[in-house]
Each structure stands twice: as C-alpha cells, then as structure tokens.
Amino acid sequence: MKILFLGPPGAGKGTQADMVARKLGIPQISTGAILREAMKAGTPVGLDAKSYVDSGLLVPDDVMIALVRERLTEPDCTRGFILDGFPRTLEQAKILDGFCKLDLVIDLVISDEAIVHRLTGRRVCADCGATYHIDRLTSDTCLKCSGALIIRQDDAPETVLNRLEVYHRQTAPLETYYTQMDLLREVDGALSLEDGFTAIDSILRTAGE
Ligand code: AMP
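Residues numbered from 1 in each chain as written. Predicted model: local features only at pLDDT ≥ 70, side-chain atom pairs only at ≥ 80, totals over all residues. Heavy atoms only, no water.

Undergrad: How should the site of the ligand be read in this particular structure?
TA: Around the ligand, the surrounding shell holds 16 residues, and the nearest of these are Thr31, Arg36, Leu57, Gly85 and Gln92. Contact between the ligand and Thr31: a nitrogen atom at 2.8 Å from a side-chain N or O atom of the residue. Contacts to the ligand include Val59, whose backbone N or O atom sits 3.0 Å from a nitrogen atom. Burial of the ligand by the protein amounts to 95% of the accessible area it has alone, namely 480 Å². A per-element tally of the shell around the ligand places helix H2 (residues 31-41) first, with four residues. Here the residues of the shell around the ligand sort into seven nonpolar, four polar and five charged. (Near = heavy atom within 4 Å. Polar contact = N/O pair within 3.5 Å; in protein donor to acceptor, adjacent residues only side chain to side chain. Areas by Shrake-Rupley, 256 points an atom, 1.4 Å probe, with all protein chains shown as cover. Helix = DSSP H or I, 4+ residues; strand = E, 2+ residues; numbered from the N terminus. Nonpolar A, V, L, I, M, F, W, Y, C, P; charged D, E, K, R; others polar.)

So this is what it looks like as structure tokens:
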C-alpha cells in the first residue's frame, strides 16, 4: 500500500507513520528526517536545506521532488511505503501523482493551540532522535540511549508559529486535493497514541478490503 500521512507539524505523523510502517512491513519515508540526516552529515542537500529548515520554511519543490523520486526507486519500496512530510505543496502533490499513485491519505486533524503546546514542549534525543514532552519527562537524558535531550531548532516558539502559518498556506490545500480524489480519511490528531493508532488501523482494514 502507498500511504501518505498529512497534518500539521506536531500532529503525530512521524510516530503514527512509524507504527503503521512496522505493522505493514513497509518503509516510512520521512522527508524531515532525511533532511535532518543530510544536514548532520553536511551533504550538499543538507547544506542547501539548512537555512529553510531552521527557519521553518519549505525547502524548494525541485529539491524535495528529486529526493523523494530517488528514494522511491529503492528496492524496499516495491511493496509500498508510507510518506510522512511529503508532498507538502500542491506542486509536489501533482508531480508525485505523475510518477506514483497513492492508495490512501490519512489526515491528522488537530488545533493550532494543541500543536504549539506539543512542539514547544518537545525534547529530542541528540543521538537517537527519540522524542519526549516536558509534561511527561522523567529523566534529563534519553530513556533509550542516555543521549542528551535538546530542543529542535525549528521547535523554538517563533519558528513553530512560522511552520503553522506555512502549513495553513501551502500544505492545507492538499486536503481538498486528496478529498476530490476520494483518498482522504480524517483522524483526530488529539487522540492518545494508542487510540489514534486504533482509528488508523480500522481505516487501513477498510481500505484493504
Ligand atoms: P518535518 O520534520 O516533517 O516537520 O520537516 C522539518 C522541515 O523539513 C520542514 O519544516 C521543512 O523545512 C523541511 N521539509 C520536510 N519535508 C518537506 C517537503 N516535502 N517540502 C519542503 N520542505 C520540507
């Protein structure tokens, strides 16, 4: 199955996409994670992307399309994949449609207030990328690998507001686009992880019938 997770930053796309990817045995392709890896490794794509990512702006469409087009040719994608964070503009969606037909779009719907609370309180392990929220932190270091917990540069309050504005202006129109294609299914992004996963799982079962 070829699935896209849509929703504002912090809606839980990454976590839910990871859980669904494990369950279905298909790769999760997170363009944000790919860019952060490239930035850490200092590759040309990473160096080009850094100023956009750090300020919460979108990396240009041609860069993102080339990156995803190449990733989708890798052998692990033959049985399907989960896209998380791409497409994020109508242009990206239309071009993707030209070389790959999605089967399902899961839209995580959540208020801006909830997003701001989630993202500004998010802490990320500098070593393994595990995420936590300060409301539930029980340790100063990562529970999985003892790495240092840091604030992602783009989770700073001004940048979060910027990312939300970018989402509403550039990405939200995809909801209409995929509704018109009858691919979109909405899930409440404010649900707990478990309840969100149960809701998604039942959508997947119906889609697979
Ligand atoms: P994310 O982890 O999905 O929130 O992505 C982090 C950042 O990476 C975004 O704020 C953008 O700067 C960049 N990014 C990720 N995916 C895309 C995309 N499809 N198009 C443009 N920029 C992207």
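Undergrad: So what exactly am I meant to see when it comes to the environment of Ser30 here?
TA: The residue Ser30 is located in strand S2 (residues 28-30) in this model. A C-alpha to C-alpha distance of 6.2 Å links Ser30 and Leu83, two positions 53 residues apart in sequence. A distance of 3.1 Å separates the side chain of Ser30 from the backbone nitrogen of Ala33, its partner in a polar contact.

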